[in-house]
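# Structure assessment
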Amino acid sequence: MNYWLFKSEAEVWSWDQQVAKGEAGEEWDGVRNYQARNNMRAMKLGDRGFFYHSRKETEIVGIVEVCAEAHPDSKANDPRWECVDIKAVRPFTKPVTLAMCKEDHRLKDMVLVNNSRLSVQPVTEEEWKIVCELGETDPS
């Protein structure tokens, strides 16, 4: 299994909206960055990801799972843009803020810490475990 981080502005698409989509999940559409798109192309069914609220809260609030591999973004008029579908798995017991990630020396190489603008990012297995520990959330 691979791990990822999906960023969304809470006022555009929130954790609660993601949860409301249930088992069917929702397209992670609207990504217009080649690196982020390529990360989604690398995703496989069952991969897990952090759901991260950007802008105001800047915190990881939940765990999602890839429920459909890369396919054309239904909101794009350009075939270059693809997306995956994700579904909510569970909320974090305690949100993990960007500040917490930056303060933890074990996460010094995490993409989020070094490039917080990339909307879809890889997360290593070790980072996954550490962030889940910080959020008092089961990593499985």
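Before going into details, it helps to say that this report is about the structure given with it. Quick caveat, the model's predicted, so the values are computed rather than measured. Chains are numbered independently. Their residues run from 1 in the order of the written sequence. At least 70 in pLDDT is required for a residue's local features to be given in this predicted model, at least 80 for side-chain atom pairs to be given and counted, and no such filter applies to totals for whole chains, interfaces and linings, which use all residues. With hydrogens and water set aside, each side-chain value is computed from the structure's full complement of heavy atoms.

## Let's talk about helix α5 (residues 125–134)
Where we set the bar: Using a 1.4 Å probe on the protein chains alone, a residue whose accessible area is under 20% of its type maximum counts as buried, one over 50% counts as exposed, and one in between counts as partly exposed. Put simply, DSSP H or I for four residues or longer makes a helix, DSSP E for two residues or longer makes a strand, and each gets a number counted from the N terminus. Should any heavy atoms of two residues lie within 4.5 Å, those residues are considered in contact.
All of the buried residues in α5 are Glu127, Trp128, Ile130, Val131, Cys132 and Leu134. For α5, the secondary structure elements touched by its buried residues are β1 (3–9), β3 (48–54), β4 (59–72), β5 (82–97), α3 (98–103) and β6 (120–123). Once α5 finishes, Glu136 follows within two positions and takes phi at roughly 50°, a positive value.

## Regarding the packing of aromatic side chains
Here is the rule we go by: Pairing of aromatic side chains here covers Phe, Tyr and the six-membered ring of Trp, requires ring centres within 6.5 Å, and sorts the geometry by plane angle: under 30 degrees stacked, over 60 edge-to-face, intermediate tilted.
Enumeration according to the criterion identifies seven aromatic pairs in this entry. Where Phe6 meets Trp28, the ring centres are 5.3 Å apart and the plane angle is 70°; that geometry is what we call edge-to-face. Placement of Phe6 in strand β1 and of Trp28 in the loop between β2 (26–27) and α2 (34–41) is noted, with a sequence separation of 22 residues between them. With respect to burial, Phe6 and Trp28 carry one shared label: buried. The interplanar angle of 65° and the centroid separation of 5.5 Å between the aromatic rings of Trp15 and Phe51 together place this pair among those described as edge-to-face. In this pair, Trp15 is assigned in helix α1 (residues 15–20) and Phe51 in strand β3, connecting sequence segments 36 residues apart.

## Points about the pairing of β4
Put simply, the rule reads: Two strands qualify as a pair provided DSSP detects at least 2 bridges between them.
Of all 14 residues in β4, 10 are buried, a share of seventy percent or more. Relative to β4, β3 runs antiparallel, the two being bridged by six bridges. Paired with His53 across the bridge in β4 is Glu59. Counting the residues in the hairpin turn of β3 and β4 gives four residues, including Arg55, whose phi is positive at 80°.

## Here's the deal with the pattern of salt bridges
Put simply, the rule is: A carboxyl oxygen of Asp or Glu within 4 Å of a side-chain nitrogen of Lys or Arg is what we treat as a salt bridge.
The final tally for this structure, using the stated rule, is 14 salt bridges. Note that Glu9 and Arg55 form a salt bridge whose closest N and O atoms lie 3.4 Å from each other. Of this pair, Glu9 sits in strand β1 while Arg55 sits in the loop between β3 and β4, and the two are 46 residues apart along the sequence. A residue is classified by how much of its surface remains accessible, and Glu9, at 25% relative accessible area, is partly exposed. Here Glu65 ties to Arg48 by a salt bridge, and the two come within 3.0 Å at their closest N and O atoms. Here Glu65 is found in strand β4, whereas its partner Arg48 is found in strand β3, with 17 residues between them in sequence. Judged by its relative accessible area of 17%, Glu65 falls in the buried class. Overlapping salt bridges bring together Glu23, Arg48, Glu65 and Lys87 as one network.

## What to know about α2
Basically, it comes down to this: In this context, the arc is that of the directions from the helix axis out to the C-beta atoms. Two N or O atoms form a polar contact when they lie within 3.5 Å of each other; inside protein one atom must be a possible hydrogen donor and the other a possible acceptor, and for residues adjacent in sequence the pair counts only when both atoms belong to side chains.
All buried positions along α2 are accounted for by Ala36, Arg37, Asn39 and Met40. An end-on view of α2 places all buried positions within 155° of arc, on one side of the element. On its buried side, α2 packs onto β1, β4, β5 and β6. Where α2 begins, the side chain of Asn33 points an oxygen toward the backbone nitrogen of Gln35, at a separation of 2.9 Å.

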